[in-house]
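# Residue-level structural notes
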Amino acid sequence: MSNSTFKIGSVQLGADLETKTVVPITATDLANVRTQSDAILHSTANLAEWRLDYLDQTISSQAIFKTAQALKMNLKSVNKGLLVTVRTKAQGGEFEDDAEAYLKQYQFILKQELADAIDVEFTTAPDIRHQLLKASGLLAVPVVLSYHDFEKTPDLTALKRLAMEMAELNVAAVKLALMPTKPQDILTLFQLADWAKTELTKPLAIMGMGNLGRITRASGNLFPSIFTFATLDDASAPGQMPLSTVETQLQLFKK
Ligand SMILES: O=C1C[C@@](O)(C(=O)O)C[C@@H](O)[C@@H]1O
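Counting restarts for each chain: residues are numbered from 1 in the order of the written sequence. The model is predicted, so local features are restricted to residues of pLDDT at least 70 and side-chain atom pairs to those at 80 or more, both for listing and for counting; the totals for chains, interfaces and linings are taken over all residues. Remark: hydrogens and water are excluded; side-chain values derive from all non-hydrogen atoms of the structure.

The name given to the chain in an unreviewed UniProt entry is 3-dehydroquinate dehydratase, and the organism recorded there is Agrilactobacillus yilanensis. UniProt positions are given in the numbering used here, feature names are shortened, and annotations may be inferred rather than shown by experiment. According to its UniProt record, the chain has this under Function (unreviewed entry): "Involved in the third step of the chorismate pathway, which leads to the biosynthesis of aromatic amino acids. Catalyzes the cis-dehydration of 3-dehydroquinate (DHQ) and introduces the first double bond of the aromatic ring to yield 3-dehydroshikimate." Under the UniProt heading Pathway (unreviewed entry), the note attached to the chain is "Metabolic intermediate biosynthesis; chorismate biosynthesis; chorismate from D-erythrose 4-phosphate and phosphoenolpyruvate: step 3/7."

With that settled, the discussion passes to the UniProt feature "active site" (unreviewed entry) in the chain. Here, the residues flagged by UniProt with the feature "active site" (unreviewed entry) are H148 and K175. These annotated residues cover 28 residues of sequence, but their C-alpha atoms sit close together, with the largest distance between any two at 8.4 Å. Only runs of H or I of at least four residues qualify as helices and only runs of E of at least two qualify as strands under DSSP, and these elements are numbered from the N terminus. The topology assignment puts H148 in strand β7 (residues 143-149). Any two residues whose heavy atoms approach within 4.5 Å are treated as being in contact. Leave out the neighbours within four places in its chain, and H148 touches R87, Q91, E121, K175 and A177. Side chain to side chain, H148 and R87 meet in a polar contact 3.4 Å long. Looking at the element boundaries, K175 is found in strand β8 (residues 173-178). Contacts described as polar in this section are N or O atom pairs within 3.5 Å, which, within protein, must combine one atom able to donate a hydrogen with one able to accept it, while residues neighboring in sequence count only if both atoms come from side chains.

For the rest of this paragraph, the subject is the nonpolar core. What we call a nonpolar core is a set of buried Ala, Val, Leu, Ile, Met, Phe, Trp, Tyr and Cys residues that are connected through their side-chain atoms within 4.5 Å. Burial status follows relative accessibility: with a 1.4 Å probe on protein chains alone, a residue under 20% of its type maximum counts as buried, one over 50% as exposed, and anything between as partly exposed. Core analysis: the largest hydrophobic core is formed by 63 residues, its most contacted members being W50, I109, I118 and L176. Here this core gets 7 residues from one element, more than from any other, and that element is helix α3 (residues 99-111). Aside from chain neighbours lying at most four places away, what touches L176 is Y147, L162, A163, M166, L192, L204, A205, I206 and M207. Ranked by size, the runner-up nonpolar core spans 20 residues in total, among them F6, V11, M207 and M209.

Packed helix pairs are specified by the crossing angle of their axes together with the interaxial distance, meaning the distance between the axes. All axes are obtained by fitting lines to C-alpha atoms, using only the stretch in contact for helices, and the reported angles, taken between N-to-C directions, cover 0 to 180 degrees. Look at helix α5 (residues 156-167) against helix α6 (residues 183-199): their axes get within 10 Å of each other, and the N-to-C directions meet at 40 degrees. One finds that α5 runs oblique with respect to α6. Here α5 and α6 pass one another in a crossing that is right-handed. Contacts between α5 and α6 involve L156, L159, K160, A163 and M164 from the first element and T188, L189, Q191, L192 and W195 from the second. Here is the rule for angles: anything less than 35 degrees is roughly parallel, anything more than 145 is roughly antiparallel, 65 through 115 is roughly perpendicular, and the remaining ranges are oblique. We call a crossing left-handed when the near helix sits turned anticlockwise from the far one by less than a right angle, and right-handed when that turn is clockwise.

The next point concerns the site of the ligand. Proximity is defined per residue: if any heavy atom of the residue lies within 4 Å of a molecule or strand, that residue is considered near it. In the region of the ligand, the neighbouring residues are E49, R51, R87, H148, K175, M207, M209, R217, F229, S236, A237 and Q240. S236 places a side-chain nitrogen or oxygen 2.6 Å from an oxygen atom of the ligand. At 2.9 Å, a side-chain N or O of Q240 approaches an oxygen atom of the ligand. Amino acids outside the nonpolar list (Ala, Val, Leu, Ile, Met, Phe, Trp, Tyr, Cys, Pro) and the charged list (Asp, Glu, Lys, Arg) are all regarded as polar, and Gly is one of them. Taken together, the residues of the shell around the ligand sort by class into 4 nonpolar, 3 polar and 5 charged.

Attention now goes to the UniProt feature "binding site: 3-dehydroquinate" (unreviewed entry) in the chain. With numbering aligned to this structure, UniProt lists the feature "binding site: 3-dehydroquinate" (unreviewed entry) at E49, W50, R51, R87, R217, S236 and Q240. For E49, the position within the fold is in strand β4 (residues 47-51). When residues no more than four places from it in sequence are discounted, the contact partners of E49 are V22, V23, P24, I25, L83, T85, D119, F229 and S236. Within the fold, W50 resides in strand β4. Dropping the residues within four chain positions of it, W50 is found in contact with I25, L30, V33, L55, I64, T67, A68, L71, L82, L83, V84 and T85.

Only residues whose relative accessible area exceeds 30% and that form no salt bridge are eligible for patches; like-charged ones are grouped when within 9 Å, while nonpolar side chains (Val, Leu, Ile, Met, Phe, Trp, Tyr) are grouped when within 5 Å. Method for areas: the Shrake-Rupley scheme with a 1.4 Å probe, in which residue coverage is limited to the protein chains shown. For this document, the term salt bridge refers to a Lys or Arg side-chain nitrogen within 4 Å of an Asp or Glu carboxyl oxygen. Together, L222, L252 and F253 give the surface a local cluster of nonpolar side chains, amounting to about 280 Å² of exposed area. Along the chain, F253 turns up in the segment after α8 (243-252). A relative accessible area of 38% places F253 in the partly exposed class.

In structure tokens form, the structure reads like this:
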């Protein structure tokens with residue numbers, strides 16, 4: 001049922017396809033955005049995630065526009081795609097907790113066609129979330145709808161219910177990033193991924209954070225996760241591993 005696939009740039013993602021790798025850009029200034037981008041361009045990563053919330057918020061839209069436009073074009077030239085994320089402090093990111101500013105930042109990205117896909121947090125206020133999903137739908141920009149729990153891993157029943165509720169919205173994929181606190185939580189994440197492959201109407205990306213979660217970042221070809229985050233530079237979440245390590249493990253742990 002969830003075998004639908006979608007594209008971020010020219011990269012095809014889906015539960016039946018190999019797990020793709022995503023490297024975050026975590027720089028706070030544009031010079032370092034370019035340095036980190038260059039490293040991704042020359043790497044074997046499939047996708048870049050620009051964590052725009054890490055960027056110094058006094059930087060002008062015009063400067064962001066130029067950098068993002070070049071980044072998207074350069075990624076396209078090497079068959080990689082660009083996911084853009086703005087995460088507020090309340091959502092575990094760095095962007096100010098100002099709903100209007102958050103909406104404006106995404107509207108700017110969408111209108112200027114600066115992203116191949118955007119990442120929207122499920123817990124965003126429903127009216128803002130609705131406006132964002134509507135705008136991205138009209139502009140045909142895929143949305144990865146995310147949910148983070150930096151404290152715990154809810155039980156399987158709660159996670160299934162949450163994933164189904166998220167999948168009902170007009171989004172391309174659902175992403176769950178959870179904090180395992182005991183080995184049993186890893187089994188929950190594996191069970192959820194296995195269930196989602198046939199029962200969820202949208203493809204799923206799933207990852208455990210922290211040291212305990214690491215195994216879930218390498219198992220996406222067995223317990224399907226459409227993509228997994230890995231580092232070339234700074235991590236954007238606890239538990240992320242270097243890209244080369246993740247690539248080796250993804251190949252090791254497959255059917
Ligand atoms: O949502 C995610 C997943 C993530 O939190 C992780 O756990 O790897 C890293 C974030 O940069 C990304 O936006």
